[in-house]
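Commentary on secondary and tertiary structure
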Amino acid sequence: MRFRPITLSLLALVLSVGLFGTAPAQNTRSQNELSAVQRLDVMRSKLEAMKRSLNSAIAGIPQKAQDKSAKAANADDPRVRLQGLDKEVSAVLSDVNDIHAKQDRSERYDVTKLDTLEASVADLDGRVQTGLQATAGARTGNATASSSSGSQQKKKGGFRLWPFGGGGGNNKYEELTSTVAPGRDRVLFEDAAKEVRKGNHEIGRLLFTTIITTYPDSPFLPLAKLAIADSFYLEGGTSSLIQAAASYQDWLTFFPTDPLADAAMLKVAEAEMRQMGLSDRDVTHARKAEQRLKALLQQYPQTRLRPYVEDHLREVQENLGMHSKQVGDFYFDRFQNNKRGLKGAQSRYKEIFDKYPNFSYMDDVLFRLATTYQLEEEPDEAAKYYQLIVRNYPNSDFVEKAKEQLNIIGAPIPEPDPARMNVAPPERPGIMGSIMQQVAGRADVTVGKDGILISRDKKEGEDLIDQALKYNGQLPSNVTPKAPVQRRETPKSKINESANNPPATGASVKP
């Protein structure tokens, strides 16, 4: 058994904290780091998912004859309870859509309303989950009744059937999600996987969610939770990737020792990497990805994914290092113009040296860092970094310039490290490559777009989710996901031409 030590019935209760995302406190904290539009998109997605689940559940509860003539609805009636939740969800969704429209029209609104709405969504999330589980036993309406009700609602232009193809009225899924029957959890799991493979992510998530809300003792429940995270990751887009990261992290909360835990943590980092921008823009996602990757190596030091994690970490730190270098260069250029900003440049270059040892422009950084110390009349510190260039980067275009400065300072010139003599500098993007990157606005990172259980292109029978079906919701202990992505080989070429234009030193420097 891969899922231990939480029992399934207890797990179903615990999952009610964050079925459509993460725990409320966690969710609020992560949401506030997003833009207003992103926060609104995530809230709308969650509310629409709740509404679909509620409408499907309501359709499966036969309406009592006395309910039609009763003056006051019975709050304890399962159908009335879910209808009340549906009205609440609709009201909050209306508020979200209203603010989203104002945002689109660039109209002013009270931004604190976003915090209030997020709190309402988190509260509804838990109450909807609890309500769906508590009323699962009442969903005993037969398929004919459900189909008849569905046809009537379809004629009225109702909301409920649109996730299943609108006018098509897929009665098969309508029955699956609105009624309860033994063995139906397996059918839901299989059909959900098929829909996600087809790209029908919302339908797949509704089917997976039905397992969680209706079959608390199902052996498919834990993997259904993980598959929901996969569906968001496969769907892509900012809102979906945000929810994918939150869903994987939520799953990790309950299964930190599962054999798939390292893969889930990697997906959290990759969800951030897929949102990374260029180094001259916001690096929030790059910093989050770096934190996740470092945490993965710390928590799972023996992970078989270590080569991929280390590759990802190098790419993320290259982005962060370039960001710091660009800021440092800005301060350095300002100093050359008005003699201000030297300390700002020095701190950025030192940060790169301390944090990103594999940065591809390290020889350039070392030369500039040494220059700042030389300008501050600290020749001993300057000599230390010039010597590092000569010793560790013997093929760099900065070697001769570093030697010149060492002669001016009067410091010894070290011999190059023999182990570094045949190490060629990494290839940097040319002019066209840089232009294409600027147009795309995305960092050049190697990230797989497949989920853990479900992939984009693999045929049925080749994914882990197929193994789960084969073994009735469990995965054999020796089954692991395939490589998340083909590893990128480090290209080698001559140093970028920008390295041939270092800051002026030597005679122009007056220590």
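In what follows, the accompanying structure is described. This is a predicted model, so every value here is computed, not measured. (Residues numbered from 1 in each chain as written. Predicted model: local features only at pLDDT ≥ 70, side-chain atom pairs only at ≥ 80, totals over all residues. Heavy atoms only, no water.)

Pairing between side chains of opposite charge can happen when the charged atoms of each approach one another. In this structure the tally under the stated criterion is 29 salt bridges. Here Arg-127 and Asp-123 are joined by a salt bridge, their closest N and O atoms 3.0 Å apart. Of the two residues, Arg-127 and Asp-123 both sit in helix α6 (residues 112–134), four residues apart, roughly one turn of that helix. Here the salt bridges do not stand alone but share partners, grouping Lys-325, Asp-329, Asp-364 and Arg-368 into one network. (Salt bridge = Lys/Arg side-chain N within 4 Å of Asp/Glu carboxyl O. Helix = DSSP H or I, 4+ residues; strand = E, 2+ residues; numbered from the N terminus.)

Relative to the assigned elements, Arg-205 resides in helix α10 (residues 201–214). Arg-205 has contacts with Ile-228, Ser-231, Phe-232 and Glu-235, leaving out every residue within four places of it along the chain. A polar contact is formed between the side chain of Arg-205 and the side chain of Ser-231, at a distance of 3.1 Å. (Contact = heavy atoms within 4.5 Å. Polar contact = N/O pair within 3.5 Å; in protein donor to acceptor, adjacent residues only side chain to side chain.)

With 24 residues, helix α3 (residues 36–59) should cover 34 Å at 1.5 Å per step; its first-to-last C-alpha distance of 35 Å lies within 8% of that length. Along α3, 18 of the 24 residues are buried, which leaves the element largely enclosed by surrounding structure. (Expected span 1.5 Å × (residues − 1). Buried < 20%, exposed > 50% of the residue type's maximum accessible area, 1.4 Å probe, protein only.)

Per the stated rule, a full pass over the model turns up 10 aromatic pairs. Ring geometry for Phe-330 against Tyr-331: centres 5.6 Å apart, planes inclined by 65°, an arrangement best described as edge-to-face. Among the aromatic residues, those joined into a cluster by ring pairs are Phe-189, Phe-208 and Phe-220. In this arrangement the basic side chain of Arg-420 is found over the ring face of Tyr-393, its NZ or CZ atom lying 5.2 Å from the centre. (Phe/Tyr/Trp six-rings, centres within 6.5 Å; stacked < 30°, edge-to-face > 60°. Lys NZ or Arg CZ within 6 Å of the ring centre and 35° of its normal.)

Okay, the nonpolar core next. Membership of the largest hydrophobic core comes to 95 residues, with the highest contact counts inside it found for Phe-189, Phe-208, Tyr-248 and Leu-453. With 10 residues, the top contributor of residues to this core is helix α11 (residues 221–235). Setting aside anything within four residues of it in sequence, one finds Phe-189 in contact with Phe-208, Ile-211, Phe-220, Leu-223, Ala-224, Ile-465, Ala-468 and Leu-469. In this structure, Leu-40, Val-89, Leu-93 and Leu-124 belong to the second largest nonpolar core, which totals 21 residues. (Core = buried A, V, L, I, M, F, W, Y, C linked by side-chain atoms within 4.5 Å.)

Taken by themselves, the reported measurements are silent on function.
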